[in-house]
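Chain residues, written in single-letter form:
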Amino acid sequence: MNEAALKRKLGIPNWRSLSKAKVLKFAAAMPEMATEVRLKLIEQFPAFKDLGKADIDAVTEAHKSTLAANENSQNHFYKASQDQRDALQSDLGRDDLSWAQREALHDRLDQNVQRVGEKDSESKQFLGAGMKVVAAAGAAALGLGVVFVGGKIAGASEDGSEESQ
């Protein structure tokens, strides 16, 4: 594939129009390019890897911040739930309660424990979704690394250095 065909495939008139969203599409097309075209493009766009790295760093920082906020929220919820259970158990220790009152307190304890279980499941789903975002960012970083390693290997092969396939 030559440079003009690649620009058509990406839907851009020139390399200045290569958006962050199209960088991965560009990276995926690199193996289809002739070695000389690939090297020429990399020379025209030396900050290629930095473009993706800035986005990955931003995703990582946002993920860390989100995890910290989630942990703080979880801790407050668990503390409040524990305080409620302690109060209910204290009430259950009273001798002046009827059977119906004791049953109502046990029901409230059961509801509390169920809410804690639901909150735990909700948190695990949230963390799982966050890990998917981080994994996608890692895959993007790996893709960028492969593109640049591929370009360096191709460049070494053209220079007559040891060829890697």
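Computed from a prediction, not measured in an experiment: that's the story for all the values here.

Attention now moves to the overall build of the protein. Within the protein, the secondary structure is distributed over five helices and zero strands. Taken from N to C terminus, the helices and strands of the protein fall in the order α-α-α-α-α. In the protein, which comprises 165 residues, the proportion classed as buried is 27%. Contacts in the protein between residues far apart in sequence, at least 24 positions, make up 62% of those at least 6 positions apart. About 10800 Å² of surface is accessible on the protein, with carbon and sulfur atoms providing 56% of the total.

Moving on, we get to the nonpolar core. Across soluble globular proteins, nonpolar side chains show a tendency to be buried alongside one another. Formed by Leu-6, Leu-10, Ile-12, Trp-15, Leu-18, Ala-29, Met-33, Val-37 and Leu-41, the largest nonpolar core amounts to nine residues. Judged by nonpolar contacts, the second largest core, of five residues, contains Leu-88, Leu-92, Leu-105 and Leu-109.

The full count for this structure, using the stated rule, is one aromatic pair. Judged by centre distance (5.8 Å) and plane angle (65 degrees), the ring pair of Phe-77 and Tyr-78 falls under edge-to-face. Residue Phe-77 is classed as partly exposed on the basis of its relative accessible area, which comes to 24%. Of note, Lys-119 hangs over the ring of Phe-77, and the distance from its end group to the ring centre comes to 5.5 Å.

The next subject is the side chain of Asn-112. Mapping Asn-112 onto the fold places it in helix H5 (residues 99–158). Within the structure, the side chain of Asn-112 is placed 2.7 Å from the side chain of Arg-85, a separation counted as a polar contact. Discounting chain neighbours no more than four positions away, the residues touching Asn-112 are Ser-81, Gln-84 and Arg-85.

Okay, the pattern of salt bridges next. The full count for this structure, using the stated rule, is five salt bridges. Among the ionic pairs, Glu-122 bridges to Lys-119, the shortest N-O distance being 3.5 Å. With Glu-122 and Lys-119 both in helix H5 and three residues apart, the pair spans about one turn of that helix.

Rules and cut-offs
Residues numbered from 1 in each chain as written. Predicted model: local features only at pLDDT ≥ 70, side-chain atom pairs only at ≥ 80, totals over all residues. Heavy atoms only, no water. Helix = DSSP H or I, 4+ residues; strand = E, 2+ residues; numbered from the N terminus. Buried < 20%, exposed > 50% of the residue type's maximum accessible area, 1.4 Å probe, protein only. Contact = heavy atoms within 4.5 Å. Areas by Shrake-Rupley, 256 points an atom, 1.4 Å probe, with all protein chains shown as cover. Core = buried A, V, L, I, M, F, W, Y, C linked by side-chain atoms within 4.5 Å. Phe/Tyr/Trp six-rings, centres within 6.5 Å; stacked < 30°, edge-to-face > 60°. Lys NZ or Arg CZ within 6 Å of the ring centre and 35° of its normal. Polar contact = N/O pair within 3.5 Å; in protein donor to acceptor, adjacent residues only side chain to side chain. Salt bridge = Lys/Arg side-chain N within 4 Å of Asp/Glu carboxyl O.

Bear in mind that shape data such as this cannot, by itself, settle questions of function.
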